[in-house]
Amino acid sequence: MAKLRGILVAVALVVFAFAGINIYLGYSGNEALAHHYMTEGEWSDSSCGGCHVGTPFADYDEVGESTHIQRVPEWEPLTNFQVESEGEEAWVQEFGRYHPGGGILEEYGVGIDCMICHEQYDLYDADARALELANGNYANANNAAMEDARVVVQQDGVRLGTYALDVLTPAPILLIFHDTVNAAPEKSSCINNCHIKDAQVTPVMWGAEDYEEFDVHAEVECVECHEAHEHEIAGAPIELLESDAGHEEESSAHEDVLSVKSCVDESCHAGITHGGTTDFHLEFLDCAACHIPLLPGGDIPAGMPIESFDWSNGERVDTYHESDFAPTLAWTDGASEGLNVGEDRAENSMLAPFNIINGAWWDAGLEEEILASPNTSSLEGNPIPNDDVMAADANADGDVTSEEMRSYDGNGDGMADYPNAILRQVDLYYRLGHGISGSEAGMADPLECDDCHGASASPELQNIHFVERPDCEYCHEVTPVIDWAMLGYDRDPAETNPPTDFSVPVIEATTPGEKPPEVEREPAF
C-alpha cells in the first residue's frame, strides 16, 4: 500500500508540475473561448503569444518577413493588372483574397491571418474574406472567414472542458488538442484558400472527390514536399517573363527560398532505379517529365484549363482545353519558366513538363527587342493599361486595331500616347508538378521509350518532323509530348542505324533492399 501511495504522489507531482509550467506558458488572460487558440483568426498575445512567447515559430515579425507575406502587386500577363493606373487598393480588393494579410495589406488594416493556413476544421471561409475585401471592409475580412469555424470550436465539448481548465490541464494534453485546432497547414487549406486558381493554368484535379485517382501523391500533405523553415515555404521562384528593370535584384530576393524536396530524397524515393539506361536520362530529365503524361481538359472542378487568353480589346477573352491533352517538354534551369534551347540553353538545364498558354496583350513598344521579336522576347516590356486599350477603340466596334492604338491620344495633348504600340502573342510556359502518374494512379501510364524516341526513324518522317514542320494536329489527335526540333535538335538524339524499335524496352522500378521476385523452376525430379 505504501508503494502504491508513493506512486500516486509521484504522478500527482508530475501533473501539477506540468500545470505549473502552463501557468507561465499557457493561456494568459480571461477572454472568451472564442479568443483562445487563434480562433479569432489573427495574432494576439492571448491567442498565440500566450503559449509561444520567445519561440521562433511564434515571432510575428518573422512571419511578416516571409515571402508569402511580402508579396507585392506585380504585373503578369494572365491578370494584366496595372497597379500604376488602377491603384494599389484596387489590387487589394481584387487579389487580396490570395494574400495572408500583413505586408502590403497591413496599411489597409488587414493583419496576418494565421488561420488562412492553420485552421484545422476545414471551415475557413475564404469567400467570405474575399467579399469583405472586395467591399472595402478590410478590418472585418479575417474575422468573417472564421465566423462559422469559431462557433464550432466554442461548442466542441472536449476542447471546451480542456481549455476552461487551462492552467490545470497538463501541457502534453494541451499540445495534443492544439494540433487538432491549429497545426501545420493541411492540403485543403493551401488549395482552397489560395491555390485553387492554379488549376486553370497547371491543370490539376484539386477539389475532385476522386483526386486520388489522378495523382499518386494525393494523400501527401503539401508541406511534406514544400518544406518550411521559420515560416518560409519551399518553392521555386516563378517568373514567366523577365522584368525589364531590376530583374537581377528581384531574382536575388529568392536566393534564400528553400527548395522543394527532391523525388529521390531519403524520405521519399531514395535508391529507386529504372535501370542504367533510364537512370542516365535523369541527369537532364525531370522525373515529372515522364510521370505527367496527360493533363485533364473539360470542366474540371476548379474550372476549365486555359488554352489561350486575349487582352487585345481591353477585356480578357479565354479559350479552353475541351478535352484531355498532353503537356509539352521544354528546357528549364529551375529558376525561371520558359523555353531555353539551342546555343542559349542554360547550363544544367533539365527537360520538364509545361502547360503552354498563349497570351495576347498590347505593349507600348519602348524596347527594341520587343519591337523586333514581340512574340518571342522574354522581356516584360511596357503593357498598355486595359482602360487605354478600350478607349482607343475609336469606332466603338469592339475591335482595337494597331492604327487605333498607335493614334490614341488619351490626355488630349495632340500627341499619340503609344505611337509604337504592338500586339504581342506570347507562349507562356507554366511548370507542372502535380498529377503524377504511377502504376496505380494517374490519367495515363508514365511515358515509355517509344513515347519520345523513334518517331522519325525513317528519312520521310525525319524530313516531316524537322524540315517541313507541319502542325502536329494534322497527323495527331493529341500533340506529341516532345518536339525535338523545338528543343534545338536536328534529329532524334537516340537515332540509330539500323533503327531501334523503342517499343520493346520496358521500364520498371526497383528499390535496393526489396525482396527479389521468386523464380519459378521445374522440379529437379
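The model shown is predicted, which means the values in this text are computed figures rather than measured ones. (Residues numbered from 1 in each chain as written. Predicted model: local features only at pLDDT ≥ 70, side-chain atom pairs only at ≥ 80, totals over all residues. Heavy atoms only, no water.)

Caption draft 1: Geometry of the overall build of the protein chain. Each helix and strand counted, the protein chain has 21 helices and seven strands in total. Buried residues in the protein chain amount to 38% of all 525 residues. Long-range contacts, defined as pairs at least 24 residues apart, comprise 67% of the intrachain contacts of the protein chain with a sequence gap of at least 6. With the model as given, the accessible surface of the protein chain reaches about 29,000 Å², and the carbon-plus-sulfur share is 53%. (Helix = DSSP H or I, 4+ residues; strand = E, 2+ residues; numbered from the N terminus. Buried < 20%, exposed > 50% of the residue type's maximum accessible area, 1.4 Å probe, protein only. Contact = heavy atoms within 4.5 Å. Areas by Shrake-Rupley, 256 points an atom, 1.4 Å probe, with all protein chains shown as cover.)

Caption draft 2: Highlighting the pattern of salt bridges. Tallied over the entire structure, the rule returns nine salt bridges. The salt bridge involving Arg 129 is made with Asp 113; its shortest N-O contact spans 3.7 Å. Here the residue Arg 129 occupies a position in helix H7 (residues 126-134), and Asp 113 occupies one in the loop between helix H5 (88-95) and helix H6 (115-118), the gap between them amounting to 16 residues. Here Arg 129 falls in the buried class, since its relative accessible area comes to 1%. Note that Lys 261 and Glu 227 form a salt bridge whose closest N and O atoms lie 3.6 Å from each other. In this pair, Lys 261 sits in the loop between helix H14 (247-252) and helix H15 (276-281) while Glu 227 sits in the loop between helix H13 (222-225) and strand S1 (228-229), placing the two residues 34 residues apart along the sequence. With a relative accessible area of 19%, Lys 261 lands in the buried category. Its relative accessible area of 36% is what places Glu 227 among the partly exposed residues. Taken together, the salt bridges that share partners define one network made up of Asp 490, Arg 491 and Glu 495. (Salt bridge = Lys/Arg side-chain N within 4 Å of Asp/Glu carboxyl O.)

Caption draft 3: Seen up close, a negative patch on the surface. On the surface, a cluster of negative charge is made up of Glu 307, Glu 322, Asp 471 and Glu 473. Along the chain, Asp 471 turns up in the segment after helix H21 (459-468). Its relative accessible area of 54% is what places Asp 471 among the exposed residues. (Patch = residues over 30% accessible without salt bridge, like charges linked within 9 Å, V, L, I, M, F, W, Y side chains within 5 Å. Lys, Arg positive; Asp, Glu negative; His and termini not counted. Charge placed at Lys NZ, Arg CZ, Asp CG, Glu CD.)

Caption draft 4: Structural detail: the packing of aromatic side chains. Summed over the entire model, instances satisfying the criterion amount to eight aromatic pairs. Here the aromatic rings of Phe 81 and Phe 95 are separated by 5.5 Å at their centres, their planes lie at 85°, and the arrangement is edge-to-face. With Phe 81 in the loop between helix H3 (60-64) and helix H4 (83-86) and Phe 95 in helix H5, the pair connects residues that are 14 residues apart, well separated along the chain. Consider the rings of Phe 354 and Tyr 429, whose centres lie 5.7 Å apart with planes at 75°: the pair is edge-to-face. With Phe 354 in strand S6 (residues 350-363) and Tyr 429 in strand S7 (residues 422-431), the pair connects residues that are 75 residues apart, well separated along the chain. Given a relative accessible area of 8%, Tyr 429 falls into the buried group. Among the aromatic residues, those joined into a cluster by ring pairs are Phe 81, Trp 91 and Phe 95. The aromatic ring of Tyr 98 is capped on one face by Lys 197, whose charged end is 5.0 Å from the ring centroid. (Phe/Tyr/Trp six-rings, centres within 6.5 Å; stacked < 30°, edge-to-face > 60°. Lys NZ or Arg CZ within 6 Å of the ring centre and 35° of its normal.)

Caption draft 5: Main features of the environment of Tyr 98. Of note, Tyr 98 is situated in the loop between H5 and H6. In sequence terms Tyr 98 and Arg 129 are 31 residues apart; their C-alpha atoms lie 10.0 Å from each other. Excluding anything up to four places from it in sequence, Tyr 98 contacts Arg 71, Asn 193, Cys 194 and Lys 197.

Caption draft 6: Representation of H5 within the structure. Residues of H5 that are buried include every one of Trp 91, Val 92 and Phe 95, and no others. With its buried residues spanning 105° around the axis, H5 presents them on a single face. On the buried face of H5, the contacting elements are H7. (Arc of directions from axis to C-beta.)

Caption draft 7: Quick peek at the state of the cysteines. Here the structure, examined in full by the defined rule, presents zero disulfides. Note on Cys 222: no disulfide assigned, nearest cysteine sulfur contributed by Cys 190 at a separation of 4.0 Å. (Disulfide = S-S within 2.5 Å.)

Caption draft 8: Up close: the pairing of strand S4 (residues 317-320). When strand S3 (residues 306-310) meets S4, the two strands line up antiparallel, connected through four bridges. Each residue of the ladder has a partner; that of Ile 306, found in S4, is Tyr 320. Linking two consecutive strands that pair antiparallel, namely S3 and S4, is a turn of six residues; a positive phi of about 95° is found at Gly 314 within it. (Pairing = 2+ DSSP bridges.)

Caption draft 9: Region of the structure containing H7. All of the buried residues in H7 are Ala 126, Ala 128, Arg 129, Ala 130, Glu 132 and Leu 133. Considering only its buried residues, H7 is in contact with H5, H6, helix H8 (141-145) and helix H12 (187-193). If you check the start of H7, you find a side-chain oxygen 3.3 Å away from the backbone N of Asp 127, and it comes from Asp 125. Immediately beyond the C-terminal end of H7, within one or two residues, lies Gly 136, with a positive phi of roughly 80°. (Polar contact = N/O pair within 3.5 Å; in protein donor to acceptor, adjacent residues only side chain to side chain.)

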